[in-house]
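Examination of the molecular architecture
The residues making up each chain are set out below.
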Amino acid sequence: MTSKRQPPQLSRSEAGPRAWRRDRLGVAARAAQECGDVWQLAPRVYVAATAGPCETVLQRTTYEYETTPGTFLPTKRPDGSVPGPTERAHGHAARMRALRPKAVAARIGDIAPDAARFAADWPVGRDVDVLPRAQSALADIGCRYLFSTDAETLQAAGARLAEAREGIIHSWPLPPWVPTPTRRFLARQQAVFAEALQGVIDRRRSTGRLGEDLLGQMLRPSSQYGLLPDAAIIDSLTGLIVATAETPTRAVGWILLTLARHPEVAGRVAAEAHALPADPHTVTGAHLDQLRYTQALVREVLRLYPPNWLLARRATRPTELGGYPVEPGTMVLVCPYTAHRDPVQHPDPGRLRPDRWLDAAGSLGTPGVFLPFSTGPRACEGTSMALAELTLITAETARRYHLSEPPGPVPSHRIATFGALTPVGLRLRATPRS
Ligand code: HEM
């Protein structure tokens, strides 16, 4: 420890609970500018505002910091056991067999048709509520990626689970033991999904046809760990089925809004998308690699509007952050939103400049900090899949349409920051490109 100082804070009128509730992004941006790398939102609630402290906290998660408890309750095991670190490592390794970049590249043909359908079925000439359409397309992609031929069996239960979870993240954060109606609804939907998935697992095991999808990877024994218990598979897939659509939906909203607001950028994406084959079933990883400008745009939008704009951690042991001591129990909020908008990392940070992600040879690079998927031991497992689906949805939409915000005084969306950064109620209109 170098000092007993506490991080600086804005005045109470600028950053008290009321100001925070009214304009979280504004308070975070002002505090990062005025207070520097680490600031204090409330007693024992610190915010890591710039690249260095954000990356430190995320990298040290699991040994100096812990994540907050998840939404879903773990499935009860017949022997009463609880998952330990070995089982968690086994589950992670099994999921990553299906989610690492090479595995995703090999399954682009399973993602591209739903991405193309999302664009082809867009009702033209009228204002469309974008997020529910995106959510439905992404849920289809996710279900197919996880369960391939069993997708239809699990789709309805998966959709209700996602709906129940959305209710939880928008409800007031009461202690976990309070049985609110939203929590009871979530518990019921979790049980229904688990039962349907158990049926699929039993059938695959009894026929020996484990499948080549993500579930199939989890059913295969690993040489290091052996077989993963069914309860662990069910818990993993309960989280994954929601993760495949929830955050990507918000990202699609921000990307399509950006296309509507920057027609010149949309034009470049559209031009590039002509390289995609007309039949989406034949799209491969090589086609995706060619969409460099579109990939750069996706990264640039995630830089400006990271859906997980604030990641919560709690210190588990005495440590130090940005020169300030951190006591165990202190909540540290990691803020990719302000880190991404630091001019030291990304010059002219408020401006949309997809080209900043491309080097002189036109290859993708990482010009500065990029944390929309977090980093370290709890980083997003679905990064490659998410980038692939967002790139394809963006390209397929831009090649068919000009998007625009509805004319008139009513805003096209409202920005929500509680839970995640979301363009709530986003409405856009598509007109076919000639
Ligand atoms: C635009 C899309 C996405 C974004 C921005 C995103 C972002 C994130 C972030 C920031 C975290 C870490 C949360 C934290 O540290 O508290 C995370 C965790 C996770 N994400 Fe994603 N995600 C996306 C899509 C996906 C997809 C498509 C999947 C599944 C295929 C997925 C699966 C997961 C899982 C399993 C974790 C938990 C990892 C762990 O706790 O060890 N995500 N995601």
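Rules of the game
Residues numbered from 1 in each chain as written. Predicted model: local features only at pLDDT ≥ 70, side-chain atom pairs only at ≥ 80, totals over all residues. Core = buried A, V, L, I, M, F, W, Y, C linked by C-beta atoms within 7 Å. Buried ≥ 20, exposed ≤ 12 C-beta atoms within 10 Å, placed from the backbone. Helix = DSSP H or I, 4+ residues; strand = E, 2+ residues; numbered from the N terminus. Contact = placed C-beta atoms within 7 Å. Near = placed C-beta within 6 Å. Nonpolar A, V, L, I, M, F, W, Y, C, P; charged D, E, K, R; others polar. Pairing = 2+ DSSP bridges. Axes fitted to C-alpha atoms, helices over the stretch in contact; angles between N-to-C directions. Parallel < 35°, antiparallel > 145°, perpendicular 65-115°, else oblique. Left-handed = near helix turned anticlockwise from the far one by under 90°.

Thoughts on the nonpolar core
With 115 residues, the main nonpolar core has Val-47, Ala-48, Val-269 and Cys-335 as its most contacted residues. Of the residues forming this core, the biggest block, 10 residues, is contributed by helix α8 (residues 130–147). Leaving out residues up to four positions away in the same chain, Val-269 has contacts with Leu-259, Tyr-293, Thr-294, Leu-297, Thr-394, Ala-395 and Ala-398.

Brief notes about the site of the ligand
Around the ligand sit 21 residues in total, of which Ala-243, Asn-308, Cys-380, Gly-382 and Ala-386 are the nearest. Elements supplying a minimum of two residues to the shell around the ligand: α12 (230–243), α13 (246–261) and α18 (383–400). Across the shell around the ligand, the residue classes tally to 12 nonpolar, seven polar and two charged.

Brief notes about the sheet that holds strand β8 (residues 331–334)
Pairing within the open sheet is mixed, and its five strands lie in the order β1-β2-β8-β5-β3. Of all the strands in the sheet, just β1 (38–42) and β3 (65–67) have a single pairing partner and so form its edges. Pairs of neighbouring strands in the sheet enclose a mean axial angle of 35°, with direction left out of account. Pairing of strand β2 (residues 45–48) with β8, which is carried by four bridges, proceeds in the parallel orientation. Following the sheet pairing, Val-47 is matched in β8 by Leu-333. Packed onto the sheet, helix α4 (residues 51–59) meets β1, β2, β3, β5 (311–315) and β8 and runs at close to 120° relative to β8.

Section: the packing of helix α9 (residues 151–169) against helix α10 (residues 181–207)
Close contact between α9 and α10 brings their axes to 9 Å; oriented N to C, the two are set at 155°. Between α9 and α10, the angle falls in the class roughly antiparallel. Of the two elements, α9 crosses α10, and the hand of that crossing is left-handed. Here α9 contributes Thr-153, Leu-154, Ala-157, Gly-158, Arg-160, Leu-161, Ala-164, Arg-165, Gly-167 and Ile-168 to the contact with α10, which in turn contributes Thr-182, Arg-183, Phe-185, Leu-186, Gln-189, Gln-190, Val-192, Phe-193, Ala-196, Leu-197 and Val-200. Each residue belonging to the contact of α9 with α10 can be placed in one class, and the counts come to 12 nonpolar, six polar and three charged.

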